[in-house]
Amino acid sequence: MTTSIPLPLAQFVVKMHSRCDLACDHCYVYEHADSSWRSRPKVIADGIVAKAAERIGEHAAAHRLPAVRVVLHGGEPLLAGPDRLRRAAVTLRAALPPGCALDLRIHTNGVLLSRDFCALFAEQDIRVGISLDGDRAANDRHRRFADGRSSHPQVLRAVALLNEPEYRHLFAGLLCTMDVENDPVAVYRALAELRPPAVDFLLPHATWDEPPKRPAALGATPYADWLLTVHRLWEADGRPFAVRTFESVHRTLRGFSSLTESLGLEPSDLAVLETDGTFEQADSLKTAYDGAPVTGMNVFAHSLDDLARHPGIAARQSGLAGLSEACRSCSVVRSCGGGLYAHRYRSDDGGGSFDHPSVYCGDLMTFINGVAGSGSPVGVPAQAAEAPPSGAEPLPPGALTPSQLGELARGYGSAETVAALGRSQLALTRAMLAAAWDASGQGRAAAWALLAELDTAAPAAVDAVLAHPYARAWAARRLAGDLAVGLGPLAALTAAAAVRAGRGDAVAVPVRGGWLHLPTLGRIAVPDGEAVVTGRSDGFEVRAADGSVRTVLDEPLRRVRLAGGWTVALEDTDPLRDCHDHPVADRLRDGELLDWTGALREAWELLGRDLPGYAEGLRAGLTTVTPLRPGPTGRDVSSAARQAYGAVGIARPATAPTLALLLAHEFQHVKLGAVLDLTDLYDRADSALYFAPWRPDPRPLEGLLQGTYAHLAVTEYWGTRTLAYDGLPGTAADRAREQFALWRRYTAEAVERLASSGALTGTGLRFADGMRDTVTPWLALPLPAAAERAADRARRERAGV
Amino acid sequence: MTPVTSTRPAGKLTDPQETPERPSLADLAALGAEELASRLQRALPGAESGLVPVAAFNSSI
């Protein structure tokens, strides 16, 4: 009996309503083999949603899921009504454990979408996907009301609503079910005209028992030909929106994960909850045979761990081993993954099974080879488990000497040492950028070609741009398969390099939302479309899509130059800066800019005086402060992002000393993240959780390590404040002594927890020794008994005792 | 202390490269994404969280 769960479930489709207000003749729910909808309640009961939320919350907590995705689905989910949808959203969100994000979506035919629904979705942060099969003729082929009327006007009205500035952020994209008798050019143009952020083209559901139509006049692989036509248009237009299927082929051809269950070998982590509370497997199985998705489980009697062990779900988690023999030996199997599971079914194999290639096998092969042939040639990826090739040099090369690592282990880092981290980070960003571009299928080839040319001809200009913290953040998001970011930022990086090089080079950059952002420089208000940026010896020229020309930045990036040689950018224009786990502030107004510059000046003076061992490295490596929105009730908010070296996000605190503390604290995370990019300090396979003395919840080892490293600086901050007060009375002095008593003990304890964890590597143990060397002398500094008692009280309060 | 709106880097644009062995972007791209990713494993997103890439539900976007 299986007792372990192969993979926790993290995607949940909740059927809010089992009926639909359209009668599309290609719908898998009502028109295909499965007929279970007839016996189900029309609408899901609140009690079922509440129990499902509880199950999801338990599952997320037990498996420490950082995020779950819930799709409100149907039938037509808007038929459930706004009140029930609101209650479902609130209930689902409330049941998740701290640290688990909810990606909540609704997928609708759009017919009922109204301004009131949009307001509800904005209130509850629900992203909206809409089904639309293309132009009116294409959409009318299947997507009609029961009386034969077209649904096209209603759907266009829904999309127009989602394109209003107030709701645009809710617009997830369009799903287009293809029909080879529809004109692919007309379909593509009609969808592109609606400016969706993303589109996916779905093969109509079919099996070997019920094969797809293949009109004789359209050749042997009409579905591949249709998709390749759209792919060519999409490439020619500069990829104006994300297309999950196309991106998945480009990625899988280069060894990366697919972004859809219809392609690739990634395991399924999906469960479906029907309106009667039963759990089902993937929805698309309804197309195979009556009852195909049934699990025999329901939300009241079974946990999600029970469901994850269901053989039908486990079967879709076995990658290559779960495919038919013919698929396993195929050269494109890493890309097609055998196709959508439901499309493999045939009943005439002696019992009925999915152990077959997809009924679309020939189309998938032609399509994948066609996409591969449209860019540079790529080799067939290895089909074995991911492993670095033997003898391959790591990138970036190990750039730290033992002495530099020792400095960093003690919490510090001279200008030279932090500069070495910066060089290794630049090398890393360059390699990640190249990987992200190649994994995209080498899109925006002209922009990349110019960047590569400038890399040789004007390397300092390129490096100045690629050292920007959010250059790596872009590459990281692309490599992770985040479809919300396209290749526009790559073109923008090239444009900024061209401006800095000033050689007269020009590059096209897509503009969305009315702003053209040039990383490290600022942004320019420009109409949407393709703008051409030309770097001139005396500045730049931007020719917008409407032919208008601009030569100045409307909102330049502001840099603050401080005494002692620290120059730091206040980043409030880069759309990619939103990676610090807290909402970012909008463009700073003049008064806010003055407040920031004043606070930075004071904080920098304090750091130089009281924390010189930290200030030197900070001056060498902290290039960017990204203002964040204030936290609730004045709580200090600050954050570093592993994928954005050189930046910290901070909501400007009430006082400059607090800003100094936050800068020192967050830059510790920045330094340690850069060290971890170069060196394994702990066993990355270690799955144990560890309690940090200052937190009630256990965390993975890296969390404890990061926290301890940051609190080295916090301890020294309060230690030097305590020394400065030198026994003086007063509230501020008492607070400094209490905080010092608290943090020196916490930090020393945390170092010992790390050292005794059994999970540190040899280098990691030496790193812990370095941290101990720094914190130990602070433990010997005598403090008044009152400060120690106050620290004891604070510890008890934090521990909830 | 003055907020500066310079569009120029601090160093000269003709500064020599700091690391002579620095591979060009073109050379890096020629390695291909799969090869690069295998060499960058420690730093790639998700590596620190242990996240497993999974197959996204087909019937929503």
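Residues numbered from 1 in each chain as written. Chains lettered and ligands numbered in written order. Predicted model: local features only at pLDDT ≥ 70, side-chain atom pairs only at ≥ 80, totals over all residues.

Draft legend 1. Geometry of the sheet that holds strand 12 (residues 515–518) of chain A. Residue and element names in this part refer to chain A. Taken in spatial order, the three strands line up as 12-13-17 in an open sheet, and their pairing is antiparallel. Edge strands, defined here as strands with exactly one partner in the open sheet, are strand 12 and strand 17 (555–556). Bridge count for strand 12 against strand 13 (residues 522–525) is four bridges, and the pairing is antiparallel. Bridge pairing in strand 13 places Trp 515 opposite Ala 525. (Pairing = 2+ DSSP bridges. Helix = DSSP H or I, 4+ residues; strand = E, 2+ residues; numbered from the N terminus.)

Draft legend 2. Structural view of the pairing of strand 3 (residues 101–108) of chain A. Residue and element names in this part refer to chain A. With six of eight residues buried, strand 3 lies mostly within the body of the structure. With six bridges connecting them, strand 2 (residues 67–73) and strand 3 associate as parallel partners. Paired with Arg 69 across the two strands is Asp 103, which belongs to strand 3. With respect to chirality, the unit in which strand 2 leads through helix 2 (residues 82–94) into the neighbouring parallel strand 3 is right-handed. Sheet topology places strand 3 next to strand 4 (residues 127–131); four bridges connect them, and they run parallel. Looking at strand 4, one finds that Thr 108 is bridged to Ile 130. Remark: the strand 3/helix 3 (residues 115–124)/strand 4 crossover connection has right-handed handedness. (Buried ≥ 20, exposed ≤ 12 C-beta atoms within 10 Å, placed from the backbone. Right-handed = clockwise from strand over helix to strand, strands pointing away.)

Draft legend 3. Focus on helix 25 (residues 762–779) of chain A. All names here are of chain A. Given a rise of 1.5 Å per residue, 18 residues ought to cover 26 Å, and the 26 Å separating the end C-alpha atoms of helix 25 matches this to within 8%. When the local axis directions of helix 25 are compared, the greatest deviation, roughly 25°, occurs at Asp 773, which is followed within four positions by the proline Pro 777. Residues of helix 25 that are buried: Gly 764, Phe 767, Ala 768, Met 771, Val 775 and Trp 778. (Expected span 1.5 Å × (residues − 1). Bend = angle between axes of the 7 residues up to and from the residue.)

Draft legend 4. Fine view of the packing of helix 15 (residues 415–439) of chain A against helix 21 (residues 612–621) of chain A. Residue and element names in this part refer to chain A. In contact at an axis separation of 8 Å, helix 15 and helix 21 are set at 35° when each is read in the N-to-C sense. Classified by chirality, the crossing of helix 21 by helix 15 is right-handed. When helix 15 is examined against helix 21, the residues Ala 415, Thr 417, Val 418, Ala 419, Leu 421 and Gly 422 are found in contact with a partner set consisting of Glu 616, Gly 617, Arg 619, Ala 620 and Gly 621. For the contact of helix 15 with helix 21, the per-class residue count stands at five nonpolar, four polar and two charged. (Axes fitted to C-alpha atoms, helices over the stretch in contact; angles between N-to-C directions. Left-handed = near helix turned anticlockwise from the far one by under 90°. Contact = placed C-beta atoms within 7 Å. Nonpolar A, V, L, I, M, F, W, Y, C, P; charged D, E, K, R; others polar.)

Draft legend 5. Structural view of the nonpolar core. Residues and elements named next belong to chain A. Among the nonpolar cores identified, the biggest contains 153 residues, and Ala 435 and Leu 607 are the most heavily contacted of them. Looking at this core, the element that brings in the most residues is helix 15, giving 14 residues. The residues touching Leu 607, leaving out its near neighbours within four places in the chain, are Tyr 614, Ala 615, Leu 618, Ala 660, Leu 663 and Ala 664. Listed in part, the 119 residues of the second largest apolar core include Leu 228, Val 272, Tyr 341 and Phe 354. (Core = buried A, V, L, I, M, F, W, Y, C linked by C-beta atoms within 7 Å.)

Draft legend 6. Representation of unusual backbone geometry in the model. Residue and element names in this part refer to chain A. Along the chain, Gly 74 connects to Gly 75 via a cis peptide bond; the corresponding omega equals 15°. Following the sequence through the fold, Gly 75 ends up in the loop between strand 2 and helix 2. With a phi angle near 75°, Thr 520 is a residue other than glycine that sits in the positive phi range. Locating Thr 520 in the fold gives a position in the loop between strand 12 and strand 13.

Draft legend 7. Main features of the sheet that holds strand 11 (residues 506–511) of chain A. Residues and elements named next belong to chain A. Read across the sheet, four strands follow the order 11-14-15-16 without closing on themselves; strand pairing throughout is antiparallel. Looking at strand neighbours, the two that pair on one side only are strand 11 and strand 16 (549–550), the edges of this open sheet. Note that strand 15 (residues 539–543) and strand 16 share two bridges and pair antiparallel. Among the inter-strand pairings, Val 542 is bridged to a residue of strand 16, identified as Arg 550.

Draft legend 8. Quick peek at the environment of Ala 755 of chain A. Residue and element names in this part refer to chain A. By the element assignment, Ala 755 lies in helix 24 (residues 731–755). Overall, Ala 755 belongs to the partly exposed group, with 16 C-beta atoms counted inside 10 Å. As for Ala 755 and Val 509, which are separated by 246 residues in sequence, their C-alpha atoms are 50 Å apart. Those residues in contact with Ala 755 that sit more than four places away from it in its chain are Leu 760, Leu 765 and Ala 768.

That's the geometry; what it means functionally is another story.
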